Amino acid sequence: MSEFIDLSPEVAEAFASGAPVVALESTIISHGMPYPQNLETAQAVEQDIRDNGAVPATIAVIGGRCKVGLAPAELEYFAKGSGILKLSRRDIPYAIAKKCDGATTVSATMILAEKAGISIFATGGIGGVHRDLAANYDVSADLTELGQTSVAVVCAGAKAILDIPMTLEHLETLGVPVIAYNTDDFPAFYTVKSGQKAPLRLDSPEQIADFLTAKWDFGLEGGVVIGNPPPAETALPREAIEHFIDSALIEAKEQNIQGREVTPFLLKRVTELTEGKSLEANIALVRNNARLAAKIAVARAK
Ligand code: PSU
Ligand code: MN
């Protein structure tokens, strides 16, 4: 184990006994949802993983130490805390050297998960290619990470605020397999269908486990995107959400929101504009992804 990583007692015990482990990120807690829904979600997601036979490992950086598995009080700190950095790959050395507290995005979580030996990770939606790329160059570091780090990311597709067709093209260029679970369509976070067909489809956790074994045993390093459609009861119709996303994008431009602030701003504004409906959808889909990730981890451990 890397000298920079601390395992929680629960995760250390899981490794010792060979129990399946699922990684979880912390940016969704500190920068993706408001308090107290973020804390309730973080706790519920961990329990969903336990209920499906695996051990949750929420990942973050505390005082420059890379934590794999958080204690309940640490989860609460990341939910309430202000001044917590948002860490992608580039920021990890700064957080370690300056002994900072930082929440990990998909890219940083994948790196720490791989170093700890965890290959399955659940989140809400990956980052991707932002809309209006020519005017506003913004491509999430999540995509580059998926191209090189061997962790499978269970998500409800790419976030709806993004350019989904361009995100899929970019993933193809990077050689990242994109699998839709039990459907032909690539999901779009709040909505069941993005209007894009997913390049690959698999229909059970066992099939996904076999796919991962084939990829990595053959020596093809890099990540995999597993697109799990959001639960229908809370998913939003595309027509209902598109208008609010457009308004949020215009506001972001007017207020000159840039860099790492863009995604948190858009998620927050869409939650306000939908009067909480998008947050409700986000919570339900993260939990749904955690359940599938646990089942895949269990299938891989067999
Ligand atoms: N999924 C969610 N909410 C989030 C995220 C994912 O439901 O807030 C986070 C992840 O940490 C992802 C990040 O890596 O959004 C993308 O940020 P950016 O576009 O700045 O790369
Ligand atoms: Mn960006």
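Going by what an unreviewed UniProt entry lists, the chain is known as Pseudouridine-5'-phosphate glycosidase and is assigned to Thalassospira profundimaris. You can read under Subunit (unreviewed entry) in the UniProt record for the chain the words "Homotrimer." Listed under Catalytic activity (unreviewed entry) in UniProt, the entry text for the chain is "D-ribose 5-phosphate + uracil = psi-UMP + H2O".

Undergrad: Before we move on, could you go through the UniProt feature "active site" (unreviewed entry) in the chain and cite the residues and values that matter?
TA: Within this structure's numbering, the places UniProt gives as "active site" (unreviewed entry) are Glu 25 and Lys 159. Here Glu 25 is to be found in the loop between strand 2 (21-24) and helix 2 (27-30). Among the residues examined, Glu 25 registers 29 C-beta atoms within 10 Å and is labelled buried. Those residues in contact with Glu 25 that lie beyond four places of it in its chain are Ile 59, Thr 104, Thr 105, Val 106, Thr 109 and Thr 123. Positionally, Lys 159 belongs in the loop between strand 8 (152-155) and helix 8 (164-173).

Undergrad: Report on the nonpolar core, specifying residues and quantitative values.
TA: Of all hydrophobic cores here, the largest spans 95 residues; its most connected members are Val 22, Phe 121, Val 153, Val 154, Val 225 and Ala 293. In terms of residue count, the dominant contributor to this core is helix 12 (residues 277-301) (11 residues). With residues up to four places along the chain from it excluded, the contact list for Val 225 reads Ile 126, Leu 146, Val 153, Cys 155, Leu 171, Val 176, Val 178 and Ile 179.

Undergrad: An account of the site of ligand 1 is requested, with residue identities and associated values reported.
TA: Taken together, 19 residues form the shell around ligand 1, and within it Gly 32, Thr 105, Gly 124, Gly 127 and Ser 140 come nearest. Mapped by element, the contributors of at least two residues to the shell around ligand 1 are helix 2, helix 7 (141-148), helix 11 (262-273) and helix 12. Residues that form the shell around ligand 1 fall into these classes: five nonpolar, 11 polar and three charged.

Undergrad: I'd like a rundown of the environment of Cys 100, residues and numbers included.
TA: When you line up the elements, Cys 100 lands in the loop between helix 5 (92-97) and strand 6 (102-104). Owing to 17 C-beta atoms within 10 Å, Cys 100 belongs among the partly exposed residues under this scheme. The spacing of Cys 100 and Met 166 is 66 residues in sequence and 34 Å in space, taken between C-alpha atoms. Leave out the neighbours within four places in its chain, and Cys 100 touches Val 61, Gly 64, Leu 85 and Ala 95.

Undergrad: Can you break down the packing of helix 9 (residues 205-217) against helix 12 residue by residue, with the values?
TA: The N-to-C vectors of helix 9 and helix 12 enclose an angle of 60°; their axes lie 8 Å apart at closest approach. In terms of orientation, helix 9 and helix 12 fall into the oblique class. The two elements helix 9 and helix 12 meet at a crossing, and its hand is right-handed. Contact residues: Pro 205, Glu 206, Ile 208, Ala 209 and Leu 212 in helix 9; Leu 292, Lys 295, Ile 296, Ala 299 and Arg 300 in helix 12. Partitioning the contact of helix 9 with helix 12 into residue classes produces seven nonpolar, no polar and three charged.

Undergrad: With reference to specific residues and values, describe the environment of Ala 299.
TA: By the secondary structure assignment, Ala 299 is in helix 12. Accessibility expressed as a C-beta count within 10 Å gives 20 for Ala 299, which makes it buried. In the structure, Ala 299 is positioned 92 residues away from Gln 207 in sequence and 8.9 Å away in space, judged by C-alpha atoms. In contact with Ala 299, other than residues within four places in its own chain, are Pro 205, Glu 206 and Ala 209.

Conventions we followed
Residues numbered from 1 in each chain as written. Chains lettered and ligands numbered in written order. Predicted model: local features only at pLDDT ≥ 70, side-chain atom pairs only at ≥ 80, totals over all residues. UniProt positions renumbered as here; feature names shortened; annotations may be inferred. Helix = DSSP H or I, 4+ residues; strand = E, 2+ residues; numbered from the N terminus. Buried ≥ 20, exposed ≤ 12 C-beta atoms within 10 Å, placed from the backbone. Contact = placed C-beta atoms within 7 Å. Core = buried A, V, L, I, M, F, W, Y, C linked by C-beta atoms within 7 Å. Near = placed C-beta within 6 Å. Nonpolar A, V, L, I, M, F, W, Y, C, P; charged D, E, K, R; others polar. Axes fitted to C-alpha atoms, helices over the stretch in contact; angles between N-to-C directions. Parallel < 35°, antiparallel > 145°, perpendicular 65-115°, else oblique. Left-handed = near helix turned anticlockwise from the far one by under 90°.

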